[in-house]
Amino acid sequence: MSEVKKTGGLAGIVAGETAISTVGKEGVGLTYRGYTIEDLAEKSTFEAVAFLLLYGKLPTPGELVAYQQQLRTLRGLPFPLKSVLEQLPANSNPMDILRTGCSVLGTLEQESSEHVQIQIANRLTALFPSMLLYWFQFHKTGKRIETETAAPNIASHFLELLHGQKPSELHARALDVGLILYAEHEFNASTFTCRTVASTLADFYSCVTGGIGALRGPLHGGANEAAMELIEQFQTPDEAEAGLVRLLHDKKLVMGFGHRVYKHADPRSDIIKQWSSKLADVSDKKHLYAISERLEAVMRREKGMFPNLDFYSATAFHFLGIPTGFFTPIFVIARISGWSAHIFEQRAHNRLIRPTADYIGPEPQKLPDSSGS
Ligand code: ACO
């Protein structure tokens, strides 16, 4: 086996140091700055987790109140950004809306010595839901919605802008936990992209725009949408079992299963599965949860594979009434906190990220005289 094959996709390669999170570490699992994901999902909130990632420590109760208030004041869209969002086609991929919105904001609120990285990280954390839902509601209803809601946190703000009414406590907390689970995950493809762009000393918005692009693909963030499309194809668990067996027979990838780092389980999956189950109990589409469970069982039986976070997030978000095309944007809304922490860390200990390749092309050869002009 060549070196290239062994290191394909940089699997198993240590590409740097981080103090932000551990993924699949023996006996520890997933931690954000030393706190386990199980504890954070049970006892914390997304805003506290964002503070932890961005400021390096958990907020005190007073700091948390002040931080939530600060994020609330940052929900308003600048006028030129609204006008760009209005001009973007109604059939755009919602990830392209966030990627473009982020880029436009980078021209309106440029990074400078007066507008520094932590301010931009907080602004993007507060603004991504507003960007997405302003664009969505403008094209769906023709209305220019007010994005400066009084909702206490980002999960409620998102659901309120989407549905035009305050969410139930159950729904708001379910999305809040989803955001906690999606907030950070070490050197995954999108975070590594953010760090690579940061390593060139590019501006903050360029780093994040790159991250959004990397997250968009179905092997990464896009898997939650692909999982929902799969689950929705079936009416019953038996039908799902037969359909999945056919897919596996045809050697198709089943989105929402498998992981580059975790070998036996994704610790986030059990947590979101419990929330999906709770939401199914009060939904009129319970059958989708039963179908998901059957797909999970068949993947374990046939392939020895386990669901990753994206699999049960799909039904959880669906039960919250969130359109499938917004599942990956929700990943952005959460992951901006992890990306930002990594951009800070990369900048603080920077060295240009520039690996080398094994050359497998032709030997040096003479250019024929007839070539060129
Ligand atoms: N369905 C069916 N087979 C699979 C799956 C899957 N989801 N995942 C891996 N396999 C198979 C591969 O086909 C391969 O088989 P082979 O050895 O016969 O060729 C074997 O398992 C090893 O898979 P790799 O592709 O080498 O695993 P890798 O570490 O490169 O990929 C990845 C990890 C991309 C996550 C992969 O499991 C996958 O494509 N899963 C589906 C997409 C997905 O759910 N992505 C979300 C990731 S988590 C997140 O972003 C929150």
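Since this is a predicted model, take the numbers as computed values, not measurements. (Residues numbered from 1 in each chain as written. Predicted model: local features only at pLDDT ≥ 70, side-chain atom pairs only at ≥ 80, totals over all residues. Heavy atoms only, no water.)

Details of the overall build of the protein chain
For step 1, the next point in the chain: In terms of helices and strands, the protein chain carries 17 helices and three strands.
For step 2, the next point in the chain: A compact globule built from 373 residues would reach a C-alpha radius of gyration of about 21 Å, and the protein chain, at 22 Å, matches this within 12%.
For step 3, the next point in the chain: With respect to the principal axes defined by its C-alpha atoms, the protein chain has extents near 70 × 60 × 50 Å.
For step 4, the next point in the chain: Looking at the protein chain residue by residue over its 373 residues, the buried ones come to 51%.
For step 5, the next point in the chain: Pairs at least 24 apart in sequence give 76% of the contacts found in the protein chain among residues at least 6 apart.
For step 6, the next point in the chain: Split by element, the accessible area of the protein chain, about 17900 Å² in all, is 54% carbon and sulfur.
For step 7, the next point in the chain: Charge centroids of the protein chain, computed over 37 positive and 40 negative side chains, lie 1 Å from each other. (Helix = DSSP H or I, 4+ residues; strand = E, 2+ residues; numbered from the N terminus. Rg over C-alpha atoms; globule rule 2.2 N^0.38 Å. Buried < 20%, exposed > 50% of the residue type's maximum accessible area, 1.4 Å probe, protein only. Contact = heavy atoms within 4.5 Å. Areas by Shrake-Rupley, 256 points an atom, 1.4 Å probe, with all protein chains shown as cover. Lys, Arg positive; Asp, Glu negative; His and termini not counted. Charge placed at Lys NZ, Arg CZ, Asp CG, Glu CD.)

A short note on the pairing of strand E2 (residues 29-32)
On any regular strand, side chains alternate: one points to one face of the sheet, the next to the other face.
For step 1, the next point in the chain: Pairing of strand E1 (residues 21-25) with E2 involves three bridges; the strand directions are antiparallel. Looking across to E2, one finds that Thr-22 is bridged to Thr-31.
For step 2, the next point in the chain: Counting the residues that bridge the hairpin from E1 to E2 gives three residues, and of these Gly-27 lies at a positive phi of roughly 75°.
For step 3, the next point in the chain: Where E2 and strand E3 (residues 35-36) come together, two bridges link them in antiparallel fashion. Its bridge partner lying in E3, Tyr-32 is registered against Tyr-35.
For step 4, the next point in the chain: Linking E2 back to E3 in an antiparallel pair, the connection comprises two residues, with Arg-33 at a positive phi of about 45°. (Pairing = 2+ DSSP bridges.)

Remarks on the site of the ligand
For step 1, the next point in the chain: Near the ligand there are 20 residues, and of these Val-254, Gly-256, Phe-257, Arg-260 and Asn-308 occur at the shortest range.
For step 2, the next point in the chain: Here Phe-257 contributes a backbone N or O atom positioned 2.9 Å from a nitrogen atom of the ligand.
For step 3, the next point in the chain: Relative to its free-state accessible area of 920 Å², the ligand is covered by the protein chains to the extent of 63%.
For step 4, the next point in the chain: Under a 2 Å grid-point criterion requiring more than half of the atoms, the pocket assigned to the ligand is the largest pocket.
For step 5, the next point in the chain: Residue composition of the shell around the ligand, grouped by class: ten nonpolar, five polar and five charged. (Near = heavy atom within 4 Å. Polar contact = N/O pair within 3.5 Å; in protein donor to acceptor, adjacent residues only side chain to side chain. 1 Å grid on protein atoms, 1.4 Å probe; cavity = no way out; pocket = protein on both sides within 12 Å on 5 of 7 lines; lining within 4 Å. Sits in = over half its atoms within 2 Å of the grid points. Nonpolar A, V, L, I, M, F, W, Y, C, P; charged D, E, K, R; others polar.)

Structural notes on the domain arrangement of the protein chain
For step 1, the next point in the chain: Along its sequence, the protein chain is carved into domain 1 (21-218 + 324-348) and domain 2 (223-319).
For step 2, the next point in the chain: Between domain 1 and domain 2, the C-alpha centre-to-centre distance is 25 Å.
For step 3, the next point in the chain: Counting from both sides, the interface comprises 27 residues of domain 1 and, opposite them, 25 residues of domain 2.
For step 4, the next point in the chain: When the two sides are added together, the surface that domain 1 and domain 2 hide from each other amounts to roughly 2100 Å², 71% of it contributed by carbon and sulfur.
For step 5, the next point in the chain: Of all residues in domain 1, Leu-181, Tyr-182 and Phe-327 give up the largest surface area on contact with domain 2, accounting jointly for 29% of the area buried on that side.
For step 6, the next point in the chain: On inspection of domain 1 and its partner domain 2, the count reaches zero salt bridges.
For step 7, the next point in the chain: Joining domain 1 to domain 2, the criterion identifies eight residue pairs in polar contact (both at pLDDT 80 or more). (Domains from an automatic or database assignment. Buried area = accessible area lost by both parts, 1.4 Å probe. Salt bridge = Lys/Arg side-chain N within 4 Å of Asp/Glu carboxyl O.)

Regarding the pattern of salt bridges
For step 1, the next point in the chain: By the definition in use, this model includes 17 salt bridges.
For step 2, the next point in the chain: With its nearest N and O atoms 3.6 Å apart, the salt bridge here joins Lys-43 to Asp-39. Of this pair, Lys-43 and Asp-39 are both found in helix H2 (residues 37-43), four residues apart, which corresponds to roughly one turn of the helix.
For step 3, the next point in the chain: Two residues, Glu-345 and Arg-195, come together in a salt bridge whose shortest N-O distance is 2.7 Å. Taken as a pair, Glu-345 in helix H17 (residues 327-348) and Arg-195 in helix H10 (residues 189-199) lie far apart in primary sequence, 150 residues in all.
For step 4, the next point in the chain: Since its relative accessible area comes to 13%, Glu-345 is described here as buried.

Here's the deal with the side chain of Thr-315
For step 1, the next point in the chain: By the element assignment, Thr-315 lies in helix H16 (residues 309-319).
For step 2, the next point in the chain: Once residues lying within four places of it in the same chain are set aside, the contact partners of Thr-315 are Met-228, Ile-231, Ser-276, Leu-288 and Ser-292.

Brief notes about the packing of aromatic side chains
For step 1, the next point in the chain: By the definition in use, this model includes twelve aromatic pairs.
For step 2, the next point in the chain: Each ring, one from Tyr-55 and one from Tyr-67, has its centre 5.9 Å from the other, and the planes form 85°; the classification is edge-to-face. Of this pair, Tyr-55 sits in helix H3 (residues 46-55) while Tyr-67 sits in helix H4 (residues 61-72), and the two are twelve residues apart along the sequence.
For step 3, the next point in the chain: Owing to a relative accessible area of 36%, Tyr-55 belongs among the partly exposed residues under this scheme.
For step 4, the next point in the chain: Aromatic side chains Phe-257 and Phe-311 sit 4.6 Å apart centroid to centroid with 50° between the ring planes, which places their arrangement in the tilted category. Remark: Phe-311 occurs in helix H16 and Phe-257 occurs in the loop between helix H13 (237-249) and helix H14 (267-281); sequence separation between them is 54 residues. With respect to class, Phe-257 is no different from Phe-311; both count as buried.
For step 5, the next point in the chain: One aromatic cluster in this structure is built from Tyr-182, Phe-317, Phe-327 and Phe-331.
For step 6, the next point in the chain: In this arrangement the basic side chain of Lys-278 is found over the ring face of Trp-275, its NZ or CZ atom lying 3.8 Å from the centre. (Phe/Tyr/Trp six-rings, centres within 6.5 Å; stacked < 30°, edge-to-face > 60°. Lys NZ or Arg CZ within 6 Å of the ring centre and 35° of its normal.)

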